[in-house]
Structures are given as structure tokens and as C-alpha cells.
Amino acid sequence: MFQNDYILRQIENLSKAVANVFFHKASDSGTLEILDEHGRISESGILYHRLKTLLQNKKINEAENLLFKEVEQNSTAENMVVAARFYKDLQQLDDKSLLDCDFSRQEIIDGIQAIRKIFKQE
């Protein structure tokens, strides 16, 4: 229980960093824009869809690798929102689901901290 609370606080801190740094807000994590200004699916929307598909197929490690590859190549505000949403989605999985995918709660914490370092939020 304590570890879950810690992870939720880390996700909340990452979400606040998105809001404060990129959106100049003091509240939520901003929105994940699925469509760009021309009505096409945005790059961050495509990335999030790919991550969700991998999660649904129980490929968490592959999804996290994709996330880091994209974020390291393009550390935009939108990708930071995607990262926050990704780790929030992971946090909602139960321990058995994580274990079945060879993933742990500690890896969620480590991933959040690594993302924060990439975006210089730690």
C-alpha cells in the first residue's frame, strides 16, 4: 500500500511538472492532444496509441522502451504528457498483471524518475 501511494505521488509530481513548466498552470497535467490543428492525429496521439496497444498486448517492457526512445529523440511537452499518462496507466494495473509482464512497481518508480531527469524536473 505504501509503495502504491509513493508511485501515485510520483505520477502526480510528474503531472504537475508538465502543467507548471510547459503549460504555466498550477493544476492538472494538461491535455493529451489527439488531433493537431489540421484535424490529423498528432504525433503524441500516435505515440500514446502505440503504447496503449503494447500494454493491451502485455508488452510493458517494449512499451517503456518505445516511450524512452521517443522522449529522448523529441522531449516535447506533449511527450511529457504521454509519459505521465503511460505511468498512470501502469500504476492502475494490479501486481499480478505487472508480474505476468515481468514488470514491477519499482520499475514504475524508476521510469518516472528517469523521465523527470530527461525533462530536467529532478
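Residues numbered from 1 in each chain as written. Predicted model: local features only at pLDDT ≥ 70, side-chain atom pairs only at ≥ 80, totals over all residues. Heavy atoms only, no water.

> Would you mind going over the overall build of the protein chain with me for this structure?
The helix and strand inventory of the protein chain stands at six helices and zero strands. Of the regular secondary structure in the protein chain, the N- to C-terminal order runs α-α-α-α-α-α. Across the 122 residues that make up the protein chain, the buried fraction comes to 40%. Nonlocal contacts in the protein chain, meaning residues at least 24 apart in sequence, comprise 62% of its contacts between residues at least 6 apart. Per element, the accessible surface of the protein chain, about 7200 Å² overall, is 49% carbon and sulfur. (Helix = DSSP H or I, 4+ residues; strand = E, 2+ residues; numbered from the N terminus. Buried < 20%, exposed > 50% of the residue type's maximum accessible area, 1.4 Å probe, protein only. Contact = heavy atoms within 4.5 Å. Areas by Shrake-Rupley, 256 points an atom, 1.4 Å probe, with all protein chains shown as cover.)

> Please explain the packing of aromatic side chains as it appears in this structure.
Any two aromatic rings considered together are summarised by their centre-to-centre distance and by the angle between their planes. Scanning all chains against the criterion turns up one aromatic pair. Both rings, one in F86 and one in Y87, keep their centres 5.0 Å apart while their planes meet at 75°; by these two values the pair is edge-to-face. (Phe/Tyr/Trp six-rings, centres within 6.5 Å; stacked < 30°, edge-to-face > 60°.)

> So what exactly am I meant to see when it comes to the environment of K88 here?
Examined against the element boundaries, K88 turns out to sit in helix 4 (residues 77-91). According to the relative accessible area criterion, K88 is partly exposed, its value standing at 44%.

> What is the right way to look at helix 6 (residues 105-118) in this model?
Its 14 residues give helix 6 an end-to-end C-alpha distance of 20 Å, which sits within 8% of 20 Å, the value for a rise of 1.5 Å per residue. For helix 6, the set of buried residues is R105, I108, I109, G111, I112, I115 and R116. Down the axis of helix 6, the smallest arc covering the buried residues is 165°, so these residues share one side. Immediately downstream of helix 6, the backbone of K120 shows phi near 55°, a positive value. (Expected span 1.5 Å × (residues − 1). Arc of directions from axis to C-beta.)

> How should I be thinking about the pattern of salt bridges in this particular structure?
Between side chains of opposite charge, a pair can form when the charged atoms approach closely. Taken as a whole, this structure holds three salt bridges when the rule is applied. Put simply, D89 and K52 hold a salt bridge, and the shortest N to O gap is 3.5 Å. Here D89 is found in helix 4, whereas its partner K52 is found in helix 2 (residues 43-56), with 37 residues between them in sequence. Note on K52: relative accessible area 29%, which makes it partly exposed. (Salt bridge = Lys/Arg side-chain N within 4 Å of Asp/Glu carboxyl O.)

> What exactly am I supposed to notice about the environment of L93 here?
Within the element layout of this structure, L93 appears in the loop between helix 4 and helix 5 (95-100). Between the alpha carbons of L93 and R105 there is a distance of 9.7 Å; along the sequence they are twelve residues apart. Residue contacts for L93: discarding those within four places in its chain leaves I60, L98 and R105.

> Sorry if this is basic, but what is going on with the confidence of the model for the protein chain here?
Note that predicted coordinates carrying low pLDDT should not be read in detail. Here the protein chain averages 81 in pLDDT, while 71% of its residues score no lower than 70. Summarising per-element confidence for the protein chain, the mean pLDDT is lowest in helix 1 (residues 2-22) (61) and highest in helix 3 (residues 60-73) (96). Ignoring residues within four places in sequence, the model shows residues 21-30, a span with pLDDT below 50, making 24 contacts including any to other chains. (pLDDT = per-residue confidence, 0-100.)

> Even after reading the chapter, I still don't get the packing of helix 2 against helix 3, so can you show me in this structure?
To describe two helices that pack against each other, one gives the angle between their axes and the distance between the axes. Two elements in contact, helix 2 and helix 3, have axes whose closest approach is 8 Å; the angle formed by their N-to-C orientations is 160°. In terms of axis orientation, helix 2 runs roughly antiparallel to helix 3. With respect to the hand of their crossing, helix 2 and helix 3 are arranged in left-handed fashion. Along its contact with helix 2, which presents L47, R50, L51, L54 and L55, the element helix 3 presents I60, E62, A63, L66, L67 and E70. Residues that form the contact of helix 2 with helix 3 fall into these classes: eight nonpolar, no polar and three charged. (Axes fitted to C-alpha atoms, helices over the stretch in contact; angles between N-to-C directions. Parallel < 35°, antiparallel > 145°, perpendicular 65-115°, else oblique. Left-handed = near helix turned anticlockwise from the far one by under 90°. Nonpolar A, V, L, I, M, F, W, Y, C, P; charged D, E, K, R; others polar.)

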